[in-house]
Amino acid sequence: MQKKRVTIIFLLVLCGCCLTLSYLLFAPFLYPLLAAVVIAIVFHPVHARILKLIGRPGLAALISTLLVVLIIIVPAILILIAVLQEVSGLISLVDQKSSESGGLIPFVTKLAERPLGWLGQYIDVSSINIRDALRGRLEGLSKFLLAELGVLVGNLSSFIFNAAIALVTLTFLFREGRSLRRRLGALIPLSPEQVETLFGGIENTIIGTVYGGLVVAAFQGALISVGLWVFGIPSPILWGVVAAFFALLPVV
């Protein structure tokens, strides 16, 4: 009995070490793998229809993956073009106004005069030197942008690598998703009805969360764009897209 206990403890420790090493191995790929699982669950009804029409799992999985890429990339490109146009217009407007005021710093200083005048009714703002503060901020911003340029390039390459992993995983999930679900259900110590209820609840939660978050973010961005356009604020599409993006982030 003592030997059996030692053997069980040894195997449990060995299993824990193997699980830890497996987690460390897959940790860098965890986010793209989870993203592929979420996308596969959300687009499963579309893939099921494609599979029913074609009848070949491999080809249907490839077509479904390409369709996901088109659904994500085409709107992203259109939004990016609109944002670039808005940014170009905003830069032109700021350049024009700053040229009329003798430079960017005098332009921003002139803009800050009215709120500072209102604020001066309540607190002492005579010690605030706007010109020097702006010059220091702009110098700090330029240094920050130069320092972050290399990080941005590295993040871009990492994003492309993670996107490739997610797409490969997504194709595999579209092809073998049913088989993986059956095998995972066989490992869970529950009845088939309970397993279906569990998986159905997880799928409905993921689909509801994704659709709900996207719809709410899109409505918030659209309403903000319309509000800015009604009041004549420049670049309403740009700030609407920014608002929609930040609406997807918790707390923000």
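Placed above this text is the structure.
Residues numbered from 1 in each chain as written. Predicted model: local features only at pLDDT ≥ 70, side-chain atom pairs only at ≥ 80, totals over all residues. Heavy atoms only, no water.

(A) How the structure looks around the overall build of the protein. From N to C terminus, the protein includes eight helices and zero strands. The N-to-C order of helical and strand elements in the protein reads α-α-α-α-α-α-α-α. With 252 residues in all, the protein has 16% of them scored as buried. Within the protein, counting contacts between residues at least 6 apart in sequence, those at least 24 apart form 58% of the total. Total accessible area on the protein is roughly 18,800 Å²; 74% of this is exposed by carbon and sulfur atoms. (Helix = DSSP H or I, 4+ residues; strand = E, 2+ residues; numbered from the N terminus. Buried < 20%, exposed > 50% of the residue type's maximum accessible area, 1.4 Å probe, protein only. Contact = heavy atoms within 4.5 Å. Areas by Shrake-Rupley, 256 points an atom, 1.4 Å probe, with all protein chains shown as cover.)

(B) How the structure looks around the side chain of Thr65. Tracing the chain through its elements places Thr65 in helix H4 (residues 57–100). Residues within four places of Thr65 in sequence aside, it is in contact with Leu167, Leu170, Thr171 and Phe174.

(C) Examining the packing of aromatic side chains more closely. Tallied over the full model, the rule gives two aromatic pairs. Between Phe29 and Phe161, the aromatic rings sit 6.2 Å apart at their centres with planes inclined by 55°, giving tilted as the arrangement. With a gap of 132 residues between them, Phe29 in the loop between helix H1 (2–26) and helix H2 (30–42) and Phe161 in helix H6 (residues 130–187) connect regions that are remote in the sequence. Taking the relative accessible area as the measure of exposure, Phe29 reaches 29% and is therefore partly exposed. An angle of 75° between the planes, with centres 5.4 Å apart, marks the rings of Phe245 and Phe246 as edge-to-face. (Phe/Tyr/Trp six-rings, centres within 6.5 Å; stacked < 30°, edge-to-face > 60°.)

(D) Just a nonpolar patch on the surface, in detail. Together, Val46, Leu67, Leu70, Ile71, Ile72, Ile73, Val74, Ile77, Leu78 and Ile81 make up a nonpolar patch on the protein surface, roughly 830 Å² of accessible area in all. Examining the composition of the nonpolar patch, we find that nine residues originate from one element, H4, more than from any other. (Patch = residues over 30% accessible without salt bridge, like charges linked within 9 Å, V, L, I, M, F, W, Y side chains within 5 Å. Salt bridge = Lys/Arg side-chain N within 4 Å of Asp/Glu carboxyl O.)

(E) Inspection of the side chain of His47 at higher detail. Along the chain, His47 falls in helix H3 (residues 44–54). Take His47: its relative accessible area is 4%, and that puts it in the buried class. If we skip the residues at most four places from it in the chain, His47 touches Ala60, Ala61, Ser64 and Phe174.

(F) Fine view of the nonpolar core. One finds Ala36, Ala40, Val42, Phe43, Ala61, Val68, Leu170, Leu173 and Phe174 forming the largest nonpolar core, which totals nine residues. At the level of elements, H2, H4 and H6 are the ones that each hand at least two residues to this core. Apart from the residues lying within four places of it in its own chain, the contact partners of Ala40 are Leu170, Leu173 and Phe174. (Core = buried A, V, L, I, M, F, W, Y, C linked by side-chain atoms within 4.5 Å.)

(G) Representation of the pattern of salt bridges within the structure. What the rule picks out here adds up to one salt bridge. The shortest N-O distance in the salt bridge between Glu176 and Arg175 comes to 3.2 Å. Residue class for Glu176 comes out partly exposed when judged on its relative accessible area of 26%.

(H) Quick peek at the packing of H2 against helix H7 (residues 192–230). Their axes nearest at 9 Å, the elements H2 and H7 cross at an angle of 95°. The angle between the axes of H2 and H7 places the two elements in the roughly perpendicular class. Here Val38, Ile41 and Val42 of H2 lie close against H7, whose contacting residues are Glu203, Ile206, Ile207, Val210 and Tyr211. (Axes fitted to C-alpha atoms, helices over the stretch in contact; angles between N-to-C directions. Parallel < 35°, antiparallel > 145°, perpendicular 65-115°, else oblique.)

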